[in-house]
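# A structural walkthrough
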Amino acid sequence: MDQINELGAGAVNGKEPLELEEKEAMETALLAGHILLENGAEISRVEETIDRICRHYGVKSGNAFVLSNGIFITAGSEKEGYFAKVQHIPVSGTHLNRVAAVNQLSREMEEGRYTIWQLKEALESIKSMPEKRKSTQILASGVGIAAFCCLFGGDGWDMAAAFLAGLLLYGYLLFISGPYLSKIVGNIGGGALVTMVCALCYFKGLGNHLNFMIIGSMMPLIPGVAFTNGIRDIADGDYISGSVRMLDALLVFFCIAIGVGMAFSVITKLTGGIPL
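My aim in this report is to walk through the structure given alongside it, one point at a time. (Residues numbered from 1 in each chain as written. Predicted model: local features only at pLDDT ≥ 70, side-chain atom pairs only at ≥ 80, totals over all residues. Heavy atoms only, no water.)

### Examining the nonpolar core
Core analysis: the largest hydrophobic core is formed by 32 residues, its most contacted members being Val46, Ile50, Ile71, Ile73, Leu119 and Leu123. Every element with two or more residues in this core is listed here: α2 (20–38), α3 (43–56), β2 (70–75), α4 (96–110) and α5 (116–127). Tallying contributions element by element places α2 first for this core, with nine residues. If we skip the residues at most four places from it in the chain, Leu123 touches Thr28, Leu31, Ala32, Ile35, Val102 and Leu105. Counting 20 residues, the second largest nonpolar core, distinct from the first, contains Ala165, Val197, Met218 and Val252. (Core = buried A, V, L, I, M, F, W, Y, C linked by side-chain atoms within 4.5 Å. Buried < 20%, exposed > 50% of the residue type's maximum accessible area, 1.4 Å probe, protein only. Helix = DSSP H or I, 4+ residues; strand = E, 2+ residues; numbered from the N terminus. Contact = heavy atoms within 4.5 Å.)

Below, the structure written as structure tokens:
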């Protein structure tokens, strides 16, 4: 009875809703789009995946309108029932392992390996994929930052200081910024923290090139994937979504710059204007 009521609620202008399996296909396509968009996929990839799932499971009239923070999905024609749903998806971080998993799943789907019910179950598993352990993320941040410092021209001591800054920065992001601070305040604090740590190491003799140390240590804060996807979305004609993503990335850049400037102001006052 609950299932019949749920289907009946979808009727539009006297038209019958989609059959149960077709409705499930639309719900599954929406779930796949949600996972992709939430984890940093570009708009064209989200729309293509939704379209593939709909058509593979027999929904010929399915359409999706995707923005950077929402999906509008509909179906309906003279031959098919009607379906409409809107889902808000806040702008968040990037988890490319989930994007890659959904892409692989869509390829396997087209090979006929999954029923619609199996596909939905697999997507639910991807959505709940655990992240790496926090200790692993912190260590990876330190190693990655040291590598970037070397790439920019830093020597061994600069890399050691950058490694320390990377450990502290990602610990701050995981345990303080993420759970308790807004995006703006968190990025300002991250920029200031990295600058203060690198400057302290520099004054203590651990590191010879402060600029390379700070630039390398900023890398975990830089929204490179979001900025790149924004450019791709604009190039594909998704001007609204691309502009939103680029604006979000530019806001992060601006906040990092504010944090670095604030830290340098404090350092200058504490040291009496000693040149860095």
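On we go from here.
### A look at α2
Each full turn of the α-helix corresponds to 3.6 residues, which orients residues three or four apart in the same direction. Taking 1.5 Å of rise per residue, the 19 residues of α2 would be expected to cover 27 Å, and the 27 Å separating its terminal C-alpha atoms lies within 8% of that figure. Most of α2 is tucked away, with 15 of its 19 residues classed as buried. Positive backbone phi, approximately 100°, marks Gly40, located one or two places after α2. (Expected span 1.5 Å × (residues − 1).)

### A few points about the packing of aromatic side chains
Applying the stated criterion to the full structure yields four aromatic pairs. Taking 6.3 Å as the distance between ring centres and 25° as the angle between the ring planes, the aromatic pair formed by Phe148 and Phe152 counts as stacked. A relative accessible area of 34% means that Phe152 is categorised as partly exposed. (Phe/Tyr/Trp six-rings, centres within 6.5 Å; stacked < 30°, edge-to-face > 60°.)

### Considering the packing of helix α8 (residues 183–203) against helix α11 (residues 239–271)
Packing of α8 against α11 brings their axes to within 7 Å, and their N-to-C directions diverge by 40°. By the angle class used here, α8 and α11 are oblique. Crossing handedness for the pair α8 and α11: right-handed. Along the lines of polarity and charge, the residues of the contact of α8 with α11 split into 17 nonpolar, five polar and two charged. (Axes fitted to C-alpha atoms, helices over the stretch in contact; angles between N-to-C directions. Parallel < 35°, antiparallel > 145°, perpendicular 65-115°, else oblique. Left-handed = near helix turned anticlockwise from the far one by under 90°. Nonpolar A, V, L, I, M, F, W, Y, C, P; charged D, E, K, R; others polar.)

### Side note on the pairing of β2
In this sheet, β2 lies alongside strand β1 (residues 63–67) in antiparallel orientation, the contact comprising five bridges. Looking across to β2, one finds that Asn63 is bridged to Thr74. Pairing geometry for β2 and strand β3 (residues 83–88), over six bridges, is antiparallel. If you follow Thr74 over to β3, its bridge partner there is Ala84. (Pairing = 2+ DSSP bridges.)

### Considering the sheet that holds β1
A sheet is described by the order of its strands in space; here three strands give the open sequence β1-β2-β3, paired in antiparallel fashion. Because the sheet does not close on itself, it has two edges, and the strands there are β1 and β3. Direction aside, neighbouring strands of the sheet carry axes that sit 5° apart on average. On top of the sheet, α3 reaches β1 and β2; it is set at about 160° to β1, its chief contact.

### Some thoughts on the environment of Asn187
Within the fold, Asn187 resides in helix α8. Given a relative accessible area of 11%, Asn187 falls into the buried group. Considering only alpha carbons, one finds Asn187 and Phe254, 67 residues apart in sequence, at a separation of 9.0 Å. The residues contacting Asn187, other than those within four sequence positions of it, are Leu221, Val252, Cys255 and Ile256. At 2.8 Å, the side chain of Asn187 and the backbone oxygen of Lys183 are in polar contact. (Polar contact = N/O pair within 3.5 Å; in protein donor to acceptor, adjacent residues only side chain to side chain.)

### Observations regarding the state of the cysteines
Across all of its chains, the model carries zero disulfides by this definition. In this structure Cys198 is not part of a disulfide, and its nearest cysteine sulfur, from Cys201, lies 6.5 Å away. With relative accessibility at 0%, the residue Cys198 sits in the buried group. With no disulfide partner, Cys255 has as its closest neighbouring cysteine sulfur the one in Cys198, 19 Å distant. (Disulfide = S-S within 2.5 Å.)

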